[in-house]
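# Chains, contacts and geometry: an overview
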Amino acid sequence: KDAKEILYSIPKDKYTKVFEDGAVVVLENKSVLPRVKLYSDYVVEKEAIRAQRITRDNLDFHNSVVLNKKPDNLLASSPLDSAEIVSYSENQVLIEAKTNSPQVLVLTDTFYPGWQVQVNGQSQDLILAFGIYRAVELPQGQHEVKFFYQPDSFRLGILTSFTALATIVILTLTS
């Protein structure tokens, strides 16, 4: 197939042609999720594979989120709610959010062991969203949300290094 044949078989309501050069066509996905989003409507599915299937098959993922656990509070939304990334690096993401009622904030970065989250300086439980992304429940109010990567292996490595250094110093001083 050439590029024109492929282009005509792609749903135009979901994709826009950005660039075309012979057999190469670059498309923009118009239905992609934003990097950070607040949700008040959710479905609970503990298994990640089933959560991804629900998202793909029959869920309006722009308005509902699939979570691996039920939020602690009753969620609601308001047109005045907002969430914005303030700072983004490979090991830390800072987000400012304002909610008029409890909501779930989803960061569309991969959920991976070692990632942690704090809301206004207090540690919170990380929630798995859509079977793949990081999320956290937010109460009503103004929030500074910090996702940061600090795996247990890092702390164990530091402890092991200090123990080895102390042992070397003690052996050197006693010999």
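As a reminder, the structure under discussion sits directly above these lines.
From a predicted model like this one, the values you see are computed outputs, not experimental measurements.

Before going further, it helps to examine the side chain of Asp109. When you line up the elements, Asp109 lands in strand E8 (residues 103–110). A distance of 2.7 Å separates a polar atom in the side chain of Asp109 from a polar atom in the side chain of Tyr88. Once residues lying within four places of it in the same chain are set aside, the contact partners of Asp109 are Arg35, Tyr88, Val93, Ile132, Tyr133 and Arg134.

Turning our attention to the nonpolar core. Ile95, Leu105, Val117, Val136, Leu138, Val145 and Phe147 are the most contacted members of the largest nonpolar core, which has 15 residues in total. Listed by contribution, the elements that provide at least two residues to this core are strand E3 (36–39), strand E7 (92–99), E8, strand E9 (115–119), strand E12 (133–138) and strand E13 (141–149). Other than its neighbours up to four places away in sequence, Ile95 contacts Val36, Ala83, Glu84, Ile85, Val86, Leu105, Leu107, His143, Glu144, Val145 and Phe147. Membership of the second largest hydrophobic core comes to 14 residues, among which are Val66, Leu67, Leu75 and Val106.

Let's shift gears to the sheet that holds strand E10 (residues 122–124). The sheet built from five strands is open, its strands ordered E6-E7-E13-E9-E10 with antiparallel pairing. Only two strands of the sheet have a single partner each, and these edge strands are strand E6 (82–88) and E10. On average, adjacent strands in this sheet sit at an angle of 25° to one another, irrespective of strand direction. The pairing of E9 with E10 spans three bridges and is antiparallel. Considered in E10, the bridge of Val117 is made with Gln124.

Now for the pattern of salt bridges. Scanning the entire structure with this criterion turns up five salt bridges. The closest approach of N and O atoms between Asp109 and Arg134, which form a salt bridge, is 3.6 Å. Here Asp109 is found in strand E8, whereas its partner Arg134 is found in strand E12, with 25 residues between them in sequence. Among the ionic contacts, a cluster of salt bridges with common partners joins Arg35, Asp109 and Arg134.

Right, let's talk about the pairing of strand E2 (residues 24–29) for a bit. Pairing between strand E1 (residues 15–21) and E2: six bridges, direction antiparallel. Pairing of Tyr15 across the sheet is with Asn29, part of E2. Between the end of E1 and the start of E2, which pair antiparallel, lie two residues, with Gly22 showing a positive phi angle near 65°.

Two descriptors summarise a pair of aromatic rings, namely the distance from one centre to the other and the angle between the planes of the rings. Throughout the structure, instances matching the rule amount to three aromatic pairs. When the centroid spacing of 5.4 Å and the interplanar angle of 50° are considered together, the rings of Trp115 and Tyr149 count as tilted. Residue Trp115 is located in strand E9, and its partner Tyr149 is located in strand E13; the two are separated by 34 residues in the primary sequence. When its relative accessible area of 14% is taken as the criterion, Trp115 is described as buried.

Of the two faces of E9, only one is covered, namely that formed by Trp115, Val117 and Val119; the face formed by Gln116 and Gln118 stays uncovered. In this structure, E9 lies alongside E13, joined through five bridges in antiparallel fashion. Across the sheet, residue Val119 finds its bridge partner in E13, namely Val145. In this structure, the hairpin formed by E9 and E10 is closed by a connection of two residues, where Asn120 is found at a positive phi of approximately 55°.

Rules used in this analysis
Residues numbered from 1 in each chain as written. Predicted model: local features only at pLDDT ≥ 70, side-chain atom pairs only at ≥ 80, totals over all residues. Heavy atoms only, no water. Helix = DSSP H or I, 4+ residues; strand = E, 2+ residues; numbered from the N terminus. Polar contact = N/O pair within 3.5 Å; in protein donor to acceptor, adjacent residues only side chain to side chain. Contact = heavy atoms within 4.5 Å. Core = buried A, V, L, I, M, F, W, Y, C linked by side-chain atoms within 4.5 Å. Buried < 20%, exposed > 50% of the residue type's maximum accessible area, 1.4 Å probe, protein only. Pairing = 2+ DSSP bridges. Axes fitted to C-alpha atoms, helices over the stretch in contact; angles between N-to-C directions. Salt bridge = Lys/Arg side-chain N within 4 Å of Asp/Glu carboxyl O. Phe/Tyr/Trp six-rings, centres within 6.5 Å; stacked < 30°, edge-to-face > 60°.

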